Amino acid sequence: MSKTHMTIPIFVPHLGCPHRCVFCNQWETSAVRTPPDASFVREKIRAHLETKAASIESVEAAFFGGSFTAIDEALQRELLGAAHGFIRDGLIRGIRLSTRPDCVNTARLELLHEYGVHTIEIGAQSFSDVVLAASGRGHSAADSIDAAARIRQAGFSLVIQLMPGLPGDGPLESLRSARTAADCAPDAVRIYPAVVLEHTRLADLYREGRYEPLSLEDALERSADMRELFAEKNIPVIRTGLHPLAPGETAGVLAGPYHPAFGFLVKARLKRRIIERELAGVLERSASPPSAVRLQIPLREKEEYLGHRGENMEHLKARFAPVHITRILVDSDRPEIIIETAL
Ligand code: SF4
């Protein structure tokens, strides 16, 4: 299916940040080396518009990688003004940006309204004060809850970013954070499991043996748990895992659950859980357990159901042995699977 929406990312690495959080190195993850000004913003937007596919119906500019609302007001106006010119000309629909939860107040939100900002993303990362302190965030969970309420009351779309696996975090804390984030009624969330980037305090802690990142497996399980929680509340998860890094940039990842297709792996894990639960239910309900089952998998989502290199099928065969499992692809719109038991 062709894409109908385009986001033009404009990185403002560490602009407005009062300090560096232990895990953060925007220079490493954004590949931007100079802070932007108005002409940089215009050039960036123009360049993206020139490559816009015919299928694209809506375009937005997105300021990421810093604490936008804490940037000096004159520079905020310069950057937003440059992007707003394209809104006035009908070339882009609006602006989104990310910021710290403790830098959101009424005056700052009014300024964003002036320039056509429609979505504000807050880097809450966790709703545990212990985790926030251990990660050097410099704000509390209450700050994030307050910022979320202000953003919603002011009529912006709200996105909450969460980072499971930070120092002091555990599976229960991550799920508690997800629950609190859901209670803030965001329009969407992003989940970025913590990875250890070079030239960060976290890298020092890791080298000193004082921080252990999540394994890829734990990060997948935890992200899948969080996604299931948000799915129950009908809150879209618009990103899971870092954007794929260019080959030269992966050297900046020292340790942790970075994978270029992390989001796909989590979706495949969720599909595996669907099959596992259905299959376990069928086997439990059978008076005499079947010796063979056949899975009918929707063709449309076969990659996610089968998993990376077919690993979901291998997992199911191992877990449910000695039941013989085969699968066929069916032309179905329904994401559920149909299980046929061979009795
Ligand atoms: S996590 Fe956000 S607030 Fe902290 S240093 Fe990075 S960009 Fe700045």
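Use the structure listed above.
## Description of the pairing of strand 5 (residues 157–162)
Piece 1. The buried fraction of strand 5 amounts to 5 of the 6 residues, a majority that puts the element mostly inside the structure.
Piece 2. Bridge count for strand 4 (residues 117–125) against strand 5 is 6 bridges, and the pairing is parallel. Of the residues in strand 5, the one forming a bridge with threonine 119 is serine 157.
Piece 3. Pairing analysis gives 4 bridges linking strand 5 to strand 6 (residues 188–191), with the strands arranged parallel. Bridging across to strand 6, valine 159 finds its partner in alanine 188.

## Brief notes about unusual backbone geometry
Piece 1. Following alanine 321, the chain continues to proline 322 via a peptide bond in cis, the omega torsion being 15 degrees.
Piece 2. Of note, proline 322 is situated in the loop between helix 12 (311–320) and strand 11 (324–330).
Piece 3. At glutamine 125, a residue that is not glycine, the phi angle is positive and equals roughly 65 degrees.
Piece 4. Assignment of secondary structure puts glutamine 125 in strand 4.
Piece 5. One non-glycine residue with positive phi stands out, namely alanine 185, at about 55 degrees.
Piece 6. Following the sequence through the fold, alanine 185 ends up in the loop between helix 7 (171–183) and strand 6.

## Some thoughts on the packing of aromatic side chains
Piece 1. Considering all chains together, one arrives at 1 aromatic pair under this definition.
Piece 2. When the centroid spacing of 5.0 Å and the interplanar angle of 45 degrees are considered together, the rings of phenylalanine 63 and phenylalanine 68 count as tilted.
Piece 3. A relative accessible area of 0% places phenylalanine 63 in the buried class.
Piece 4. Accessibility expressed as a relative area gives 0% for phenylalanine 68, which makes it buried.
Piece 5. Positioned above the aromatic ring of tyrosine 305, the side-chain terminus of lysine 271 is 5.5 Å from the ring centre.

Rules used in this analysis
Residues numbered from 1 in each chain as written. Predicted model: local features only at pLDDT ≥ 70, side-chain atom pairs only at ≥ 80, totals over all residues. Heavy atoms only, no water. Buried < 20%, exposed > 50% of the residue type's maximum accessible area, 1.4 Å probe, protein only. Helix = DSSP H or I, 4+ residues; strand = E, 2+ residues; numbered from the N terminus. Pairing = 2+ DSSP bridges. Phe/Tyr/Trp six-rings, centres within 6.5 Å; stacked < 30°, edge-to-face > 60°. Lys NZ or Arg CZ within 6 Å of the ring centre and 35° of its normal.

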